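Here is how the chains run, residue by residue.
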Amino acid sequence: MISLPVPTVAMPTLPGWVRVNRTFAQRLRVAPVAKPAPVPALALTDPDLVDAAWVNLHRGGLDGPAFDLALTGPMAVTLTAHGLIWQEDHLLTGPELLPGYVVQQLHNAPAHFLTAPRALPHRHDPRPAYLFLGWGLHVFGHFLIEMLPRLLLALAHRTSLHGALPVLDRAMPDWLLTILREQFGATDDHAIWFDSRHEQLSLDHAILIPNLLRPGGYHPASANLFTAFANRLAPQRDNERAGAKLFIARGTYRNPASVQRVLVNEPDIAAIAEAEFGCTVLRPETLPFAEQVSRVAAASVILGQAGSAMHLALFAPAQTRIGVLRFMAPDQSFIAALHGQKIAYLTEGITEAAPDQFITDPDRFRRFTRALLSD
């Protein structure tokens, strides 16, 4: 159990009226207690392609407990940077709101994440609000796996929000503001805005939207939310793209807010995927978000290095074959479990040429891709 240098209170997990400090609020269950789908066994287990440790981890080592989904509120809270929520000077914790890896980050740098934001001036807004913002505001992958599902859940149960407005942060990057404006109609008139770089936001009537991703994976109700969203963005599938094989490339894109890693010979690997295996090379940051979703929703194979862009597989159909270069975290495996996708990792033959600069052995990549496509 990681301790933090601030008072904390874990969110209750029972439905009905719950107590948080001295406040009573309704916890409205919108999806029943259920276990995440078990992470599938890896599609490839050749020790020359993937380390046995990752093979074994996918044989039950990632299982997690069952949980429900509930909207909690309205209640008086204060919102600070990084999606942190405070109630009566206590930080609200527990996996329903705060993933374990976030707690670790708070523990490692409390002055930056806790003390400094809490010293900013307060701004009060009395309007009913709902909170879905989370960690990693500037990272595409965090938006996909955490914030987007919370937003989709909120909108799927908008009648239970009783007209509450979403809270948005002016510190969000342009790409995220564009997605929220174009896909969700977020404008100055349809949101409560604050700027986490300069202020805290105090709310009288906030409804808290839970994480759909917990230890062990996504709540099963998540699948329909992602599928419905993909169908809305791409209502008519392009027959020419159906069954497409994609290689998702990072290219020269770098996000200063994320881990700086470079696959030095990615152009060579992408060229192999294209010329020898019929893949289309996709650079997501060059496409509108709706187009990214549409391309992935029609794919039968998705290859690429571990990272944010590969999380677009949240919109890929069942039985899509997912091939990931390197294993960094189990998030991609949780996505595969949610949708019934086949997943494999290439971890062998990838060497670190310099700090955070990697080279993938082309011949191993060929063997990996050939085996994944023929499995």
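For the structure, see preceding data.
Parameters and conventions
- Residues numbered from 1 in each chain as written.
- Predicted model: local features only at pLDDT ≥ 70, side-chain atom pairs only at ≥ 80, totals over all residues.
- Heavy atoms only, no water.
- Pairing = 2+ DSSP bridges.
- Helix = DSSP H or I, 4+ residues; strand = E, 2+ residues; numbered from the N terminus.
- Axes fitted to C-alpha atoms, helices over the stretch in contact; angles between N-to-C directions.
- Contact = heavy atoms within 4.5 Å.
- Core = buried A, V, L, I, M, F, W, Y, C linked by side-chain atoms within 4.5 Å.
- Buried < 20%, exposed > 50% of the residue type's maximum accessible area, 1.4 Å probe, protein only.
- Lys, Arg positive; Asp, Glu negative; His and termini not counted.
- Salt bridge = Lys/Arg side-chain N within 4 Å of Asp/Glu carboxyl O.
- Polar contact = N/O pair within 3.5 Å; in protein donor to acceptor, adjacent residues only side chain to side chain.
- Parallel < 35°, antiparallel > 145°, perpendicular 65-115°, else oblique.
- Phe/Tyr/Trp six-rings, centres within 6.5 Å; stacked < 30°, edge-to-face > 60°.
- Lys NZ or Arg CZ within 6 Å of the ring centre and 35° of its normal.
- Left-handed = near helix turned anticlockwise from the far one by under 90°.

(A) Spotlight on the sheet that holds strand S14 (residues 244–248). Strand order in this open sheet of 5 strands is S16-S14-S17-S18-S19, and the pairing throughout is parallel. A single partner strand is all that each edge strand has here, and the edge strands are strand S16 (280–282) and strand S19 (342–346). Adjacent strand axes in the sheet meet at a mean angle of 20 degrees, parallel and antiparallel pairs treated alike. The pairing of S14 with strand S17 (residues 299–305) spans 5 bridges and is parallel. Counterpart to Ile248 in the pairing with S17 is Gly304. Seen against the sheet, helix H7 (residues 266–277) touches S14, S16, S17 and strand S18 (321–325) and runs at an angle of roughly 170 degrees to S14.

(B) Molecular detail of the nonpolar core. By size, the foremost hydrophobic cluster in this structure holds 74 residues, and its most contacted members are Leu144, Leu148, Tyr218, Phe289 and Phe315. Sorting elements by how many residues they give to this core places helix H4 (residues 140–156) first, with 10 residues. Residues within four places of Leu144 in sequence aside, it is in contact with Pro149, Phe226, Phe289, Ser308, His311, Leu312, Leu314 and Phe315. One finds Phe247, Leu263, Ile269 and Ile350 within the second-largest nonpolar core, a separate group that totals 22 residues.

(C) The arrangement of the pairing of strand S4 (residues 67–80) in detail. For S4, the tally of buried residues reaches 12 of 14 residues, placing the bulk of the element in the interior. Note: strand S3 (residues 23–34) against S4, 6 bridges, orientation antiparallel. Its bridge partner lying in S4, Gln26 is registered against Gly73. Here S4 pairs with strand S11 (residues 200–208) via 5 bridges, running antiparallel. Within the sheet, the bridge partner assigned to Thr78 lies in S11 and is Ser202.

(D) Seen up close, the side chain of Asp169. Along the chain, Asp169 turns up in strand S9 (residues 165–169). Buried and unpaired, Asp169 has Arg197 as its nearest opposite-charge partner, separated by 5.7 Å. At 2.9 Å, the side chain of Asp169 forms a polar contact with the backbone nitrogen of Ala171. Not counting residues within four places of it along the chain, the set of residues in contact with Asp169 comprises Leu133, Leu137, Trp193, Phe194, Asp195 and Ser196.

(E) Up close: the sheet that holds strand S15 (residues 262–263). Reading across from one edge, S15-S21-S20 is the order of the 3 strands in this open sheet, with mixed pairing throughout. The open sheet is flanked by S15 and strand S20 (350–354), the only strands paired with a single partner. Summarising the sheet, S20 and strand S21 (residues 357–360) pair through 4 bridges and their orientation is antiparallel. Residue pairing in the sheet places Thr351 in a bridge with Ile359 of S21.

(F) Representation of the environment of Gly134. In this structure, Gly134 sits in the loop between strand S8 (129–131) and H4. Among the residues examined, Gly134 registers a relative accessible area of 9% and is labelled buried. Expressed as a C-alpha distance, the spacing of Gly134 and Met147, which sit 13 residues apart in the sequence, is 5.9 Å. Once residues lying within four places of it in the same chain are set aside, the contact partners of Gly134 are His82, Gly83, Met147 and Arg150.

(G) Main features of the packing of H4 against helix H6 (residues 222–233). Packing of H4 against H6 brings their axes to within 10 Å, and their N-to-C directions diverge by 85 degrees. Classified by the interaxial angle, the pair formed by H4 and H6 is roughly perpendicular. Residues Leu144, Leu148, Pro149, Leu152, Leu153 and Ala156 of H4 touch H6, and the partners they reach there are Leu225, Phe226 and Phe229.

(H) The arrangement of the side chain of Thr369 in detail. Tracing the backbone through its elements, the reader meets Thr369 in helix H10 (residues 362–374). Exposure remark for Thr369: the relative accessible area of 0% places this residue in the buried category. Other than its neighbours up to four places away in sequence, Thr369 contacts Phe277 and Leu303.

(I) Seen up close, the packing of aromatic side chains. This model, assessed by the stated rule, comprises 15 aromatic pairs. Aromatic side chains Phe229 and Phe315 sit 5.9 Å apart centroid to centroid with 45 degrees between the ring planes, which places their arrangement in the tilted category. With Phe229 in helix H6 and Phe315 in the loop between S17 and S18, the pair connects residues that are 86 residues apart, well separated along the chain. Of the residues examined, Phe229 reaches a relative accessible area of 3% and is grouped as buried. Following the ring pairs from residue to residue traces out a cluster consisting of Phe140, Phe143, Trp175, Phe184, Tyr218, Phe226, Phe229, Phe289 and Phe315. When the ring centre of Trp86 is taken as origin, the NZ or CZ atom of Arg118, which lies over that ring, is 4.3 Å away. A cation over an aromatic ring shows up here: Arg326 above the ring of Phe358, its NZ or CZ 3.8 Å from the ring centre.

(J) A look at the packing of H4 against helix H5 (residues 174–184). The contact between H4 and H5 brings their axes to 13 Å, and the two run at 25 degrees. Looking at the two axes, H4 sits roughly parallel to H5. For the crossing formed where H4 meets H5, the hand is right-handed. Contact residues: Phe140, Phe143, Leu148, Leu151, Leu152 and Leu155 in H4; Trp175, Leu176, Ile179, Leu180 and Phe184 in H5.

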